[in-house]
Amino acid sequence: AARLIGAALQGEALVALGRIEEAQQAHARAKTAAEALVQATRNTPYESFSSRFTESFLKTLEGEIALHGDNPTTGEEMLVKVADGFATSPLLDAWAVGLLHLQRVTVHARRAGRTALATALIARVRKIDPEFAEKMAASATIATAR
């Protein structure tokens with residue numbers, strides 16, 4: 001899982017730097033790590049947990065890469081779907097991991113000029129933690145004013 005998440009986060013950083021081709025390579029590494037994780041956890045108590053925990057990292061990177069491709073709408077849909085997963089999850093991960101995950105994705109969406117996507121993501125954050133969502137919205141207002 002660490003290899004998958006590390007490669008996915010590296011890919012997100014590369015997208016933020018505008019290095020899309022390298023981000024695609026990081027995505028390929030993350031997918032390879034995901035396949036290895038599935039094999040390693042097969043027939044263990046962690047089998048269902050591993051993909052549920054790591055899928056959001058892969059899908060986020062795919063969505064962020066797509067935002068910079070030929071069909072950015074597909075990327076937006078993927079990122080909103082990830083956000084919906086966190087927003088509707090009754091698990092602690094929605095709060096503990098989801099908020100920071102969605103905050104990071106919202107910043108990337110703003111940097112990509114996708115303000116409607118950022119607004120949609122904040123709406124999902126509001127379902128998890130309304131106070132945190134308001135702080136995210138306020139920080140965006142401050143950043144825009146600068």
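Residues numbered from 1 in each chain as written. Predicted model: local features only at pLDDT ≥ 70, side-chain atom pairs only at ≥ 80, totals over all residues. Heavy atoms only, no water.

1. A word on the side chain of His108
Then, in step 1: By the element assignment, His108 lies in helix 6 (residues 98-111).
Then, in step 2: Sequence-distant contacts of His108, that is, excluding residues within four places in its chain, are made with Glu12, Ala16 and Glu64. (Helix = DSSP H or I, 4+ residues; strand = E, 2+ residues; numbered from the N terminus. Contact = heavy atoms within 4.5 Å.)

2. Topic: the nonpolar core
Then, in step 1: Among the nonpolar cores identified, the biggest contains 19 residues, and Leu102, Leu117, Leu121, Val125 and Ile128 are the most heavily contacted of them.
Then, in step 2: Within the residue set of this core, elements represented by two or more residues are helix 4 (72-88), helix 6, helix 7 (115-128) and helix 8 (130-145).
Then, in step 3: Sequence-distant contacts of Leu117, defined by excluding residues within four places in its chain, comprise Leu67, Glu76, Leu79, Val80 and Ala109. (Core = buried A, V, L, I, M, F, W, Y, C linked by side-chain atoms within 4.5 Å. Buried < 20%, exposed > 50% of the residue type's maximum accessible area, 1.4 Å probe, protein only.)

3. Notes on the pattern of salt bridges
Then, in step 1: Tallying each qualifying case throughout the model produces seven salt bridges.
Then, in step 2: When the shortest N-O distance is used, the salt bridge between Arg114 and Glu76 registers 2.8 Å. Separated by 38 residues along the polypeptide, Arg114 in the loop between helix 6 and helix 7 and Glu76 in helix 4 bring together distant segments of the chain.
Then, in step 3: On the basis of relative accessible area, Arg114 is assigned to the partly exposed category, the value being 23%.
Then, in step 4: For Lys135, the salt bridge is made with Glu131, and the minimal N-O distance between the two is 3.4 Å. Residue Lys135 and its partner Glu131 are located together in helix 8, separated by four residues, close to a single helical turn.
Then, in step 5: With relative accessibility at 54%, the residue Lys135 sits in the exposed group.
Then, in step 6: When its relative accessible area of 53% is taken as the criterion, Glu131 is described as exposed. (Salt bridge = Lys/Arg side-chain N within 4 Å of Asp/Glu carboxyl O.)

4. Regarding the environment of Trp95
Then, in step 1: Tracing the backbone shows Trp95 in helix 5 (residues 92-96).
Then, in step 2: Distance from Trp95 to Glu12, taken between C-alpha atoms, is 21 Å for residues 83 residues apart in sequence.
Then, in step 3: Setting aside its immediate chain neighbours within four residues, Trp95 contacts Ile128 and Asp129.

5. Observations regarding the side chain of Thr54
Then, in step 1: Secondary-structure assignment places Thr54 in helix 3 (residues 47-67).
Then, in step 2: Filtering out sequence-adjacent residues up to four positions away, Thr54 remains in contact with Ala1, Leu4, Ile5 and Leu37.

6. Remarks on helix 7
For an α-helix the count is 3.6 residues per turn, leaving residues at separations of three or four pointing the same way.
Then, in step 1: Taking 1.5 Å per residue as the helical rise, helix 7 with its 14 residues ought to reach 20 Å, and the 20 Å between its terminal C-alpha atoms agrees with that figure.
Then, in step 2: Burial in helix 7 covers these residues: Leu117, Ala118, Leu121, Ile122, Arg124, Val125 and Ile128. Here the buried residues of helix 7 occupy an arc of 160° about the axis, which is enough to place them on one side. Residues of helix 7 that are exposed and point over 90 degrees away from its buried face: Thr115, Ala116, Thr119 and Lys127. (Expected span 1.5 Å × (residues − 1). Arc of directions from axis to C-beta.)

Honestly, that's just the spatial picture; any functional story needs more than this.
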